[in-house]
Amino acid sequence: MRLSTALLIAGLSRAAAFTPASLSTNVAHKSALSVASVRPETSSPAASDDWSPESWTNAVAKQMPIYEDQEELAGAVKELEKVAPLVFAGEVRSLHEKLARVSQGQGFVLMGGDCAESFKEFHVNHIRDTFRVIMQMSLVMTFGSAMPVVKIGRMAGQFAKPRSEPNEVIDGVSLPSYRGDNVNQEEFTPEARRNDPNLMVKAYYQSAQTLNILRAFSTGGFADISRLHAWNLDFVEDTAEGSRYRKLASKVDESLRFMKAIGIDTSSPEFTSVDFYTAHECLLLPYEQALTRQDSTTGKWYDCSSHMLWVGERTRDLDGAHLEFTRGIGNPLGVKVSDKCTPDELIRIINTMNPQNIPGKLSIIVRMGAEKLRKNLPELIRAVQREGKAVVWISDPVHGNTRKTDGGFKTRDFDNVRAELRAFFDVHDEMGSHPGGVHVEMTGEDVTECTGGVSSVTDESLKERYNTACDPRLNGSQALELAFLIAERMRLRTGLPSL
Ligand code: PEP
Ligand code: CO
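You'll find the chain entered in an unreviewed UniProt entry as Phospho-2-dehydro-3-deoxyheptonate aldolase, with Skeletonema marinoi given as the organism. Here is the UniProt Sequence similarities (unreviewed entry) comment for the chain, exactly as written: "Belongs to the class-II DAHP synthase family." Recorded under Pathway (unreviewed entry), the UniProt text for the chain is reproduced unchanged: "Metabolic intermediate biosynthesis; chorismate biosynthesis; chorismate from D-erythrose 4-phosphate and phosphoenolpyruvate: step 1/7."

### Comments concerning the overall build of the chain
Helices and strands together make up the secondary structure of the chain, namely 15 helices and 15 strands. Over its C-alpha atoms the chain spans a radius of gyration of 22 Å, differing by no more than 12% from the 23 Å that the globule rule assigns to 499 residues. Along the longest, intermediate and shortest principal axes, the C-alpha atoms of the chain span 65 × 55 × 45 Å. With 499 residues in all, the chain has 60% of them scored as buried. Long-range pairs, those at least 24 residues apart, make up 78% of the contacts in the chain with a sequence separation of at least 6. Here the chain contributes 57 positively and 66 negatively charged side chains, and the mean placements of these two sets differ by 4 Å.

### Regarding the state of the cysteines
By the definition in use, this model includes 0 disulfides. Free cysteine C304: the closest other cysteine sulfur is in C282, separated by 13 Å.

### A look at the UniProt feature "binding site: Mn(2+)" (unreviewed entry) in the chain
Under the UniProt annotation, the feature "binding site: Mn(2+)" (unreviewed entry) is placed at C115, H399, E441 and D471. Taken together, the annotated residues stretch across 357 residues yet fold into one region, lying no more than 10.0 Å apart by C-alpha. Lining the largest pocket, from the set of annotated residues above, are H399, E441 and D471. Tracing the chain through its elements places C115 in the loop between strand 2 (108-113) and helix 5 (124-145). You can call C115 buried: its relative accessible area is 0%. With residues up to four places along the chain from it excluded, the contact list for C115 reads R154, Q158, K161, E441, C470, D471 and R473. Overall, D471 belongs to the buried group, its relative accessible area being 7%.

### Re unusual backbone geometry
The backbone of Q63 shows a phi angle near 65°, a positive value even though the residue is not glycine. With respect to the element layout, Q63 can be found in the loop between helix 2 (35-38) and helix 3 (70-82).

### Section: empty space enclosed by the protein
Under the criterion given, the structure shown has 4 cavities of 30 Å³ or more. There is about 130 Å³ of room inside the largest cavity. Together, 13 residues line the largest cavity, and D114, E117, H126, I127 and T210 are the ones closest to its centre. When contributions to the lining of the largest cavity are tallied by element, the ones reaching two or more residues are helix 5 and helix 6 (198-219). Examining the composition of the lining of the largest cavity, we find that 3 residues originate from one element, helix 5, more than from any other.

### Digging into the coordination of the cobalt ion (ligand 2)
Coordination of the cobalt ion (ligand 2) by the protein involves C115 (SG), H399 (NE2), E441 (OE) and D471 (OD), with metal-donor separations of 2.1 to 2.6 Å. For the cobalt ion (ligand 2), all donor residues lie on one chain, and their spacing in sequence is C-x283-H-x41-E-x29-D. Of this pair, E441 sits in strand 15 (residues 435-441) while D471 sits in the loop between strand 15 and helix 15 (476-493), and the two are 30 residues apart along the sequence. Taking relative accessible area as the criterion, E441 reaches 0% and is therefore assigned buried.

### Some words on the layout of surface pockets
Counted as a void, the largest pocket has a volume near 850 Å³. Along its surface, the largest pocket is lined by 32 residues, and P162, R163, K410, C470 and D471 are the ones closest to its centre. Among the secondary structure elements, those contributing two or more residues to the lining of the largest pocket are strand 4 (167-170) and strand 13 (403-404). Considered as a void within the structure, the second largest pocket measures approximately 680 Å³ in volume. Around the second largest pocket sit 28 residues that line it, and T142, K151, I225, E270 and V274 are the ones nearest its centre. Within the residue set of the lining of the second largest pocket, elements represented by two or more residues are helix 4 (89-103), helix 5, strand 3 (149-153), helix 8 (240-261) and helix 9 (269-272). It is helix 5 that contributes the most residues to the lining of the second largest pocket, 5 residues altogether.

### Some thoughts on the side chain of T405
By secondary structure assignment, the location of T405 is in the loop between strand 13 and strand 14 (410-411). For T405, a relative accessible area of 8% puts it in the buried group. Not counting residues up to four positions away in its chain, the partners in contact with T405 are T411, D459 and L462.

### Quick notes on the nonpolar core
By size, the foremost hydrophobic cluster in this structure holds 65 residues, and its most contacted members are M200, L346, I364, L377 and W393. The element contributing the most residues to this core is helix 13 (residues 370-387), with 7 residues. Not counting chain neighbours up to four residues away, the residues in contact with I364 comprise V335, V337, L346, I350, V391, V392, W393 and I394.

### Looking at the pattern of salt bridges
Any two side chains of opposite charge can pair, so long as their charged atoms come close to each other. Taken as a whole and assessed by the stated rule, the structure comprises 36 salt bridges. With its nearest N and O atoms 3.1 Å apart, the salt bridge here joins E237 to R246. Looking at R246, the relative accessible area reads 33%, which means it is partly exposed. When the shortest N-O distance is used, the salt bridge between D429 and R493 registers 2.6 Å. Of this pair, D429 sits in helix 14 (residues 414-431) while R493 sits in helix 15, and the two are 64 residues apart along the sequence. Overall, D429 belongs to the partly exposed group, its relative accessible area being 40%. Exposure remark for R493: the relative accessible area of 33% places this residue in the partly exposed category. By sharing partners, the salt bridges in this structure join R154, K410, R412, E441 and D471 into a single network.

Reading the values: the criteria
Residue positions are given per chain, counted from 1 along the sequence in the order it is written. Here the convention is simple: chains get letters from A, ligands get numbers from 1, in the order in which they are written. Reporting of local features is limited, given that this is a predicted model, to residues whose pLDDT is at least 70; pairs of side-chain atoms are given and counted only at 80 or more, and all residues count toward the totals for whole chains, interfaces and linings. Hydrogens and waters are ignored; side-chain quantities use all the structure's heavy atoms. UniProt positions are given in the numbering used here, feature names are shortened, and annotations may be inferred rather than shown by experiment. In DSSP terms, a helix is any run of H or I states spanning at least four residues, a strand is any run of E spanning at least two, and both are numbered starting from the N terminus. For a compact globule the rule gives 2.2 Å times the number of residues to the power 0.38, and the radius of gyration it is set against comes from C-alpha atoms. Burial classes: relative accessible area under 20% of the type maximum marks a residue as buried, over 50% as exposed, and values in between as partly exposed (1.4 Å probe, protein chains only). Contact between two residues is taken to exist if any of their heavy atoms lie within 4.5 Å; hydrogens are not considered. Think of it this way: Lys and Arg go in the positive column, Asp and Glu in the negative one, and His and the chain ends go nowhere. Here the site of a charge means atom NZ of a Lys, CZ of an Arg, CG of an Asp or CD of a Glu. Counting rule for disulfides: a pair of cysteine sulfur atoms within 2.5 Å. Put simply, the grid is 1 Å and covers the protein atoms alone, a cavity is a trapped set of points that fit a 1.4 Å probe, a pocket is an open set with protein on both sides within 12 Å along at least five of seven lines, and lining residues have an atom within 4 Å of a point. Grid points are joined across faces, edges and corners, and a volume is the space filled by probe spheres set on the points. Only N, O and S atoms count as donors, using a 2.8 Å cut-off from the metal and 3.2 Å for Na, K and Ca, and because water is excluded some sites may appear unfinished. To form a nonpolar core, buried Ala, Val, Leu, Ile, Met, Phe, Trp, Tyr and Cys residues must be joined to one another through side-chain atoms within 4.5 Å. By convention in these notes, a salt bridge is any Lys or Arg side-chain nitrogen within 4 Å of a carboxyl oxygen on Asp or Glu.

See below:
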């Protein structure tokens, strides 16, 4: 996100009002007129008169916290309607263009970050280290595959979490489930578990700080390719992956020296800064609605909370509120799909989220575990090919591979993550489609949350540094190992020898 792109757009105005009355209906009832089913496939969301930032309130909104005090909610939303946008339409469009190229087979998307951001874990070093691993992974993948890598952080807004149970019961006491730091608090007390709309405002301000830091890192010298050795994290340095990275970094150094020698200016922005984008799950709709603004140059609505938003596996119902909201915004979108999604359902989701079949607009983020993926992904791809839909296929090899240990830790085995990624590449090879990206929960810290991989975390050592606020994350060396795997597979596809 080079700052100059922010200047490309003129002022953003917020036209639609958000009333407490519209909020009170959000969980309870479904509109008699299902907007998704009556809208012609070719209509433009920007031009459609039946969509507005709050039209989602007429549909069933799954996974939405119930706020006791509607006035308090309306107050928080009102405050958010006045805050500055976190991202700008020009930046969003530049991401869209990059994703369009990926959908045509030119490039690879790398999405990564915490399962859930938290207030407690917030620190500039935490952001720096995650950014650093993303840079490292991206260097391995770009150099390895000779393809542009589109870098997107699950950051600056990734707070709200879908839960399998609305309530949590401990020793016979039932309290509302923890739904992320922008909804309530993790501590198991009635006060902490109260859904507090003001936490949305707190999350906004933390996201603003995170974005500020990310903008500084991506353009202020940290991402300068000549610093590629400095991206290797201390705790990764001594591992096999760390030394593999060092070797690759030396090769890149050599290429840079060669470029300099033949007169290429390696101090130009292409070498010294990166375009870095943000994304999060579009779950907490009052927050997303409040940050949705109309771009005065195009008249289009953009959700200015993030460059890209995705709809999760649990909220992607065709007539649900999350598809209703996302169909009207101009941002690139994603949708998570497990083995529960049929080819017919997927086509209908695509028709709703990207009715004009615009390349780069929609990414299908597949998360089903290796075995189910080998069985189910071919028919999803076949349906997309048959219907001539332009999508970016992204593998999320972590969410279909979660298990609980005997010691009660939620973890993921790195072998299973790797197996799912391999299956993703195999299926695309067979189908002649483009494996367009990867989406992982990871951190730059030396956590022990996922077992296996070069870092050889075991069920027993999980407790050492198990810090996540939600799902287990890959640590720096596990993430780097995945990047090498991806680079090797991309090389194989283009006939390049192994790294
Ligand atoms: C997530 O990405 O954190 C998540 C909840 O994913 P999914 O919707 O795929 O379960
Ligand atoms: Co998760």
